[in-house]
Structures are given as structure tokens and as C-alpha cells.
Amino acid sequence: MCGIFAVIGSREVSPLLIDGLRKLEYRGYDSAGIATIDNFNKDQIEKLNVTKSKGKLIHLSNLIKKKPPKGHVGIAHTRWATHGKPNEINAHPHLDSSGQIAVVQNGIIENYRDLSESLKTKGIKLTSETDTEIIPHLIGLEIEKSLANGLSSNEQTFLKAVQKVLTLLEGTYSIAVIWSQVPNAIVVAMEQAPLVIGFGEGEFFCASDTPALVGFTSTFLPLRDHEIALLTPLGIELYDNEGNRQHRSPSLLKGTQLLADKRNFRHFMLKEIYEQPETAQQWIDRFLPMDLSSGNSVALPISKSTLEKIEQIQILACGTSRHAGMVGSYLLEQFSGVPTKVYFASEFRYAPPPLSPNTLTIGVSQSGETADTLAALRMEKERRGATKDANYAFHQLGITNRVDSSFGRELDNVIDIGSGIEIGVAATKTFLGQMLSFYGLTILFASHRKKRTPQEILDLSNDLRLIPKQLTDLIKKHDSLSKEIAHLFAETKDVIFLGRGINYPIALEGALKLKEISYIHAQGYPAGELKHGPIALLDQHVPVVSVAVPGVVYEKVLSNSQEAKARDARLIGVSTNGPESEMFDELFTIPKVTEWVSPLLTVVPLQLFSYHIAAHKGLDVDQPRNLAKSVTVE
Ligand code: AGP
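It should be emphasised that the depicted structure is a prediction, and the values quoted were computed from it without experimental measurement.

## Focus: the sheet that holds strand β8 (residues 186–191)
Turning to step 1, where the next piece is worked out: The strand order across the open sheet built from six strands is β5-β6-β7-β8-β12-β13, with neighbouring strands paired in antiparallel fashion. Of all strands in the sheet, those with a lone pairing partner are β5 (94–95) and β13 (235–239), marking the two edges.
Turning to step 2, where the next piece is worked out: Of the pairings in the sheet, the one linking β8 to strand β12 (residues 227–232) comprises five bridges and is antiparallel in character. If you follow V188 over to β12, its bridge partner there is A229.
Turning to step 3, where the next piece is worked out: The strands touched by helix α4 (residues 134–148) within the sheet are β5, β6 (101–109) and β7 (171–179), with β6 carrying the most contacts at an inclination of about 130°.
Turning to step 4, where the next piece is worked out: Together, β7, β8, β12 and β13 form the strand contacts of helix α5 (residues 155–166), whose direction differs from that of β12 by roughly 155°.

Below you can see the structure in the form of C-alpha cells.
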């Protein structure tokens, strides 16, 4: 979603701002802009230079190359449209009426309508459709008041004006502000939308996410909720929302926080698909090592007392993370015997189930910043806290790829899936890492509850240990095959994905991947549901992808697939090789594994299939239209 990058120092900042924005491109955006303060011009008049452009960063970068805006202080933004179309007027930065104050914002100002009405009564004309534009105007009015009261145009006046305006704003947001009359300062603030400060040599940075800092500095400090900071070329002043000065030591970027490069792959998504054996191996080395001490089935951060108390589990997540949660729920119920429910985080917050006792709440999010998931978790914490009954206490666990995120900061226990940074908007290797974490939890609960024999648990662990090698073979085998098959289906308008049991979430994930990056309409169904409605859609133009793995529902899925074939649908199978698989027009074979571990493999051909269709169509695979990597608004 929107990305903020800001720099203050002694270098010309416009190329740095573009560089920073480029590293935030993966978040998804549809317009971009920068503002710098030019205080070294020949007229000795400090003025703001603002350059904005609709569409990809290359357009902004070309404008800047033609006419480089001068200045050693600047703010920059990639916008993912929420209020108002993606066009140049709505692109950030936004200015106040005097044209001296510029603001970029990530998030949503929920009370912007009321605030803009009150601005209109003061004669202020808003020029954009955004919720952000009210902020520079409000800051402008505050500064006017301060100056009228005899304060001078200095950093403290600037800081205090922004502080005052923050008390008027409702919503989740982060902002960066510059004022041309105080050309050596940037004020930044955050309210539930992440912002980090980077410490360079003689310069300071501010960004929505750590990858933007790579190449500039490896020392950073994440802002906390309600904090505001003043950045000058001499240092940083950090305050809480009551104006108390805060002191914290910065952290160092870890390898996984560094921006990956594409190596020789055409797209990040393909590279990330290829990285899955490594994701799996690293997960196994960390959580399922051969030398686990006796009594420990898996090395996950769950205390024995929590394991003893928990009677049921609820999983909150969105999109692909929710699909991982669904695989987890199947495993936790069917293998470990723990009643488990999965919720859309966005629905849970406004329609939570009645409180259940001794419940573990698991939030799943690769980014750790998804606003819907965070809001649902916060709501659950609050309502459980309000009961004051120990049986309803908030037992929490996060599963994320970004421990340096709000998830990491807000949740007491977090499993770091450690997949390494994922740039492609379509989640692939992080989905695998999330599923693996649920396998770990499954083993933990099954052994603790003595639901399974030690042999059954050992068998599952050993099957998991084979996954990295099987993934390597599978990717090698199916990359070129899926490329060939993708060519046959590139013009298709609708695709149905079928799966049952533990592979039903994989059908959903296959459909989501195809929709996201190829813009082909796709729908996943539990295979048994086909005859209850969706079958009416089928003819020779609507292919059906069927995930059919030997196990409890194998025969059933095959029969459901036959029903589709009888309606002339072209059948694509993800299945083991055998006489039954002859029914498929195209077949992605997977090795003969137990049904339990099959989702870790069946998803791979579906990722490759979607990838090759999108790449064949020449689409922007890594940054599909309208999508964002971190969905930081509800
Ligand atoms: C995955 O391919 C999607 N981009 C999307 O569904 C994503 O999984 C969802 O927005 C949740 O994101 P999170 O895992 O960062 O919370």
C-alpha cells in the first residue's frame, strides 16, 4: 500500500527519494510524488518543489530527470488510491493553501469529512478528493495561530503545530511533513501505520518499511503508535503523544530485511517460487531438527502451560494467510483433535463469535501489518481483557514473516516463518512457511494431547523432512510443463478449482493466485459442491483444475472431476501418476505422499500455472493492478 520515504541531510535528495520509493514499489501503488525544499536558490527564498505523476515510478523519475528539483530535505510517496481516483491531483504530497507545507500520508483519516467541512467554513478550498489534503491545511492554520501569538518560525513551532493537528485526526495513518519556512526539519508521526527512522552518516531517513533503507543505512528505529519525531540534519527528537521525550536504541537490519534482488529470474514471483525448498529446509532446521531433546516434538514458542490450558483455537487472517490457516485448521482438528475455526479477520472484528473459554487466538500475516488482522486481534484482546475471568484470558500467537512488524511488536508470542523478504505481491514462499508453522503446531498439540501415537508423530515429522527435496524436484519438473500448459489457457475467461479436505484450501489458493496476477476470473470450491450450483457454469470454455491426492477423499474428488468432464470442461489434474489420472487432459504429477503433507506440494504447480499465464500475457506479475503487498487500511 502507500509508501512513505523522506530524507534530510546535505546531499541533493531527489535521486535519493526516487531510489527509496523504488524499494517500496513492491507494496503496490498507482501514483507517486515528491516534495523538496529548495533553500539554496539564487533568490534566497525557501520554496517547495513538488513533482507528481500518475502511474508507475518511471513516469515520476523521467519528470525529475528533465527538471531535477533542488533541495537537501524532501518527502516522497507512492499512493494506493483509497479516496479519489489515481491521478496527479490526488497523488501526494498535498499542500496547504500557502503552498509552504507539504504532507504525505499512509493510511486513512476516518473523520476527514467533518474536518474538511470545518476547513470549508474557514474559507479553505480543497483541490483533491483525498482524505490527506486536510492535514497540510490544518497544520497551516495551527502555524498561523502560533505566529500570530508571537512564536517564530522554528522547528519547535513546526513540531507543536503537527502535534496539535494529530489530536484532531481519527484513523490509522503515518505522515511526513515539511514546511519551507523551516527548511532543516521533517516532522513524522505514526498511528497504527508503520514508519521507521533510518540513521545515516550526516543524514536521516524515514520510511514505511525497512527495505527502503537498504543501501542508505542498516541502523533503524521503528516508531511506536502515537509517536512523533523531529528529524534535522543534526539528529532526531522522539516524543510520545503527551510530549514526553523518548529514548530508545536503534536496531540493525538483519539479512532477511534486506531487499532481495531478482538474480536471473524474470520476476520476483518466479524467484520466490524457486526459493521454496530453501524456505522449507530452513524451517525444518529451526523447528524440526533431528536432535530435538527427548520430550520435545517441535521447537515452537508455546509454553507448556498454554498447551495444557488450550481447549480450542481460532485463526484470524486474510487472503492467502487465511488459506494457510485453513490447512492448519484441518490439521489441528483431524490430526491433533483440537477444535479449530478460521475467520476472515475483516468479518471477525464486527461479528465475533460468543467468547469461548481457554481459546488460543492465532493471527496469521506474512507482512504483519494487515490492518484487518491487526484490528481483529486488538478487538479480541480487548473483549477478553474486559471479562477479567482467567478462563477467557487472551492466549495469543502470531505467525508472520516480518517479526519487525506490528505483529512482532504487539503479540506476545510470534513464530517467525523466516522465509526471507517476499517482493512479489502474490504470496508464494510465505504461504509455504505459514503452512509449515501449522504443521509444527499440529505436531505439538498432537503429542501433548497424546492424540496420536509417537510413531504417527514421527512419521509426520519424517514426511516433512522430505519436503525440501520433493519441492526441488517438483519445481524443476513443472516449471517448463506449466509454461506449455499456460499457453493453452491464456485466453480463458473463467477457471474453476476443485479440492476437498486438506486440499480444499489449495483449490482456493490456486484460484486466488490466478485472479491476482492474470486477472482471469477463478473460483475455488470444495469438489462436492460442484453439483450444487457451479456445475451450471461448465462447458468447453471453462476449464476445471482438480487437486486429487490419494487419501480419504480421493475417489470422491475423481468422481466430481468426472462430472465436470462430462460437461465438456477441460480437466487439469494435480495428482499422482496412475491409471486414474488418465481422465485428466493435462496433468501436473506430484509424488506419492501422505494426504497430510500433500498441500505443501500441490500448491506449487498451481503457483507456476498462474505465474506462466500472467507472464505469457505480459502482465506486471510482481505488482498486479490494484493490489498491495501490505494492506494497511481496513
Ligand atoms: C496473497 O497473494 C495476497 N496478496 C493477499 O491475499 C494477502 O495474502 C492478504 O492481503 C493478507 O496479507 P498478509 O499475509 O500480509 O496479512
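There's more to say after this.
## Regarding the domain arrangement of the protein
Turning to step 1, where the next piece is worked out: Splitting the protein by domain gives domain 1 (3–257), domain 2 (262–465) and domain 3 (476–621).
Turning to step 2, where the next piece is worked out: Computed from C-alpha atoms alone, the centre-to-centre distance between domain 1 and domain 3 is 46 Å.

## Let's talk about the site of the ligand
Turning to step 1, where the next piece is worked out: Around the ligand lies a shell of 15 residues, among which S321, S365, S367, T370 and E516 are the nearest.
Turning to step 2, where the next piece is worked out: Note that an oxygen atom of the ligand is positioned 2.6 Å from one of the side-chain N or O atoms of S367.
Turning to step 3, where the next piece is worked out: T370 has a polar side-chain atom sitting 2.4 Å from an oxygen atom of the ligand.
Turning to step 4, where the next piece is worked out: When the free accessible area of the ligand is taken as 410 Å², the share hidden by the protein chains comes to 91%.
Turning to step 5, where the next piece is worked out: Broken down by secondary-structure element, the contributors of at least two residues to the shell around the ligand are α9 (319–334) and α15 (504–518).
Turning to step 6, where the next piece is worked out: Looking at the shell around the ligand, its residues break down into six nonpolar, seven polar and two charged.
Turning to step 7, where the next piece is worked out: Viewed by domain, the shell around the ligand spans two of them, domain 2 (262–465) and domain 3 (476–621), each represented by three or more residues.

## Here we look at the pattern of salt bridges
When the charged atoms of two side chains with opposite charge come close together, those side chains can pair.
Turning to step 1, where the next piece is worked out: Throughout the structure, instances matching the rule amount to 23 salt bridges.
Turning to step 2, where the next piece is worked out: Of the charged contacts in the structure, one is a salt bridge between R11 and E203, with a shortest N-O distance of 2.5 Å. Remark: E203 occurs in the loop between β9 (196–199) and β10 (204–207) and R11 occurs in the loop between β1 (3–8) and α1 (14–24); sequence separation between them is 192 residues.
Turning to step 3, where the next piece is worked out: Given the relative accessible area of 6%, E203 is considered buried.
Turning to step 4, where the next piece is worked out: For K629, the salt bridge is made with E422, and the minimal N-O distance between the two is 2.7 Å. Taken together, the residues K629 in the segment after α17 (599–616) and E422 in the loop between β19 (414–416) and α13 (429–448) connect sequence positions 207 residues apart. Considered together, K629 and E422 belong to a single accessibility category, that of buried residues.
Turning to step 5, where the next piece is worked out: Through salt bridges that share partners, R27, D209, R402 and D404 make up one connected network.

## Focus: the nonpolar core
Turning to step 1, where the next piece is worked out: Residues I362, M435, Y439 and L441 are the most contacted members of the largest nonpolar core, which totals 82 residues.
Turning to step 2, where the next piece is worked out: Here Y439 is in contact with V327, L331, L460, L464, I502, W596, V597, P599 and L600, once residues within four sequence places are set aside.
Turning to step 3, where the next piece is worked out: In terms of nonpolar packing, the next biggest core, distinct from the first, is built from 30 residues, L159, L169, I175 and V177 among them.

## Digging into helix α3 (residues 112–121)
Counting along an α-helix, one turn takes 3.6 residues, and residues three or four places apart therefore face a common direction.
Turning to step 1, where the next piece is worked out: Listed as buried for α3 are Y112, L115, S116 and L119. Each buried residue of α3 sits inside an arc of 100° when the element is viewed along its axis, so together they form one side. Exposed residues on α3 whose side chains face more than 90 degrees from its buried face are R113, D114 and T121.
Turning to step 2, where the next piece is worked out: Immediately beyond the C-terminal end of α3, within one or two residues, lies G123, with a positive phi of roughly 85°.

## Topic: the packing of α3 against α4
Turning to step 1, where the next piece is worked out: Between α3 and α4, whose axes approach to 10 Å, the crossing angle comes to 50°. Taken together, the axes of α3 and α4 lie oblique to each other. As for the relative orientation of α3 and α4, their crossing is left-handed in sense. Across from Y112, L115, S116 and L119 in α3, the residues of α4 making contact are I134, H137, L138 and L141.
Turning to step 2, where the next piece is worked out: A per-class count over the contact of α3 with α4 returns six nonpolar, two polar and no charged.

## Topic: the sheet that holds strand β18 (residues 395–400)
Turning to step 1, where the next piece is worked out: A sheet is described by the order of its strands in space; here five strands give the open sequence β16-β15-β17-β18-β19, paired in parallel fashion. With one partner strand each, in any of the chains shown, β16 (340–344) and β19 form the two edges of the open sheet. Each adjacent strand pair in this sheet contributes to an overall mean axis angle of 20°, direction not counted.

## Remarks on the side chain of N106
Turning to step 1, where the next piece is worked out: Considering the arrangement of structural elements, one finds N106 in strand β6.
Turning to step 2, where the next piece is worked out: Among the residues examined, N106 registers a relative accessible area of 1% and is labelled buried.
Turning to step 3, where the next piece is worked out: A polar atom in the side chain of N106 sits 3.5 Å from the backbone oxygen of C2.
Turning to step 4, where the next piece is worked out: Residues contacting N106, with those up to four places away along its chain left out, are C2, I4, R27, H77, T172, Y173, S174, A193, S208 and T632.

## Focus on the packing of aromatic side chains
Turning to step 1, where the next piece is worked out: Counted by the stated rule, this structure contains 12 aromatic pairs.
Turning to step 2, where the next piece is worked out: Seen from their ring centres, Y343 and F348 are 5.1 Å apart, and the 65° between their planes marks the pair as edge-to-face. For the pair formed by Y343 and F348, the shared burial category is buried.
Turning to step 3, where the next piece is worked out: Members of the aromatic cluster, each reached through a chain of ring pairs, are F5, F205 and F216.
Turning to step 4, where the next piece is worked out: The ring of F335 carries R452 above its face, with NZ or CZ at 4.4 Å from the centroid.

## Observations concerning the environment of I34
Turning to step 1, where the next piece is worked out: Mapped onto the fold, I34 is located in strand β2 (residues 31–38).
Turning to step 2, where the next piece is worked out: On the accessibility criterion, I34 (0% relative accessible area) is buried.
Turning to step 3, where the next piece is worked out: Distance in space between the C-alpha atoms of I34 and L252 is 27 Å, their sequence separation being 218 residues.

Definitions and limits used
Residues numbered from 1 in each chain as written. Predicted model: local features only at pLDDT ≥ 70, side-chain atom pairs only at ≥ 80, totals over all residues. Heavy atoms only, no water. Pairing = 2+ DSSP bridges. Helix = DSSP H or I, 4+ residues; strand = E, 2+ residues; numbered from the N terminus. Contact = heavy atoms within 4.5 Å. Axes fitted to C-alpha atoms, helices over the stretch in contact; angles between N-to-C directions. Domains from an automatic or database assignment. Near = heavy atom within 4 Å. Polar contact = N/O pair within 3.5 Å; in protein donor to acceptor, adjacent residues only side chain to side chain. Areas by Shrake-Rupley, 256 points an atom, 1.4 Å probe, with all protein chains shown as cover. Nonpolar A, V, L, I, M, F, W, Y, C, P; charged D, E, K, R; others polar. Salt bridge = Lys/Arg side-chain N within 4 Å of Asp/Glu carboxyl O. Buried < 20%, exposed > 50% of the residue type's maximum accessible area, 1.4 Å probe, protein only. Core = buried A, V, L, I, M, F, W, Y, C linked by side-chain atoms within 4.5 Å. Arc of directions from axis to C-beta. Parallel < 35°, antiparallel > 145°, perpendicular 65-115°, else oblique. Left-handed = near helix turned anticlockwise from the far one by under 90°. Phe/Tyr/Trp six-rings, centres within 6.5 Å; stacked < 30°, edge-to-face > 60°. Lys NZ or Arg CZ within 6 Å of the ring centre and 35° of its normal.

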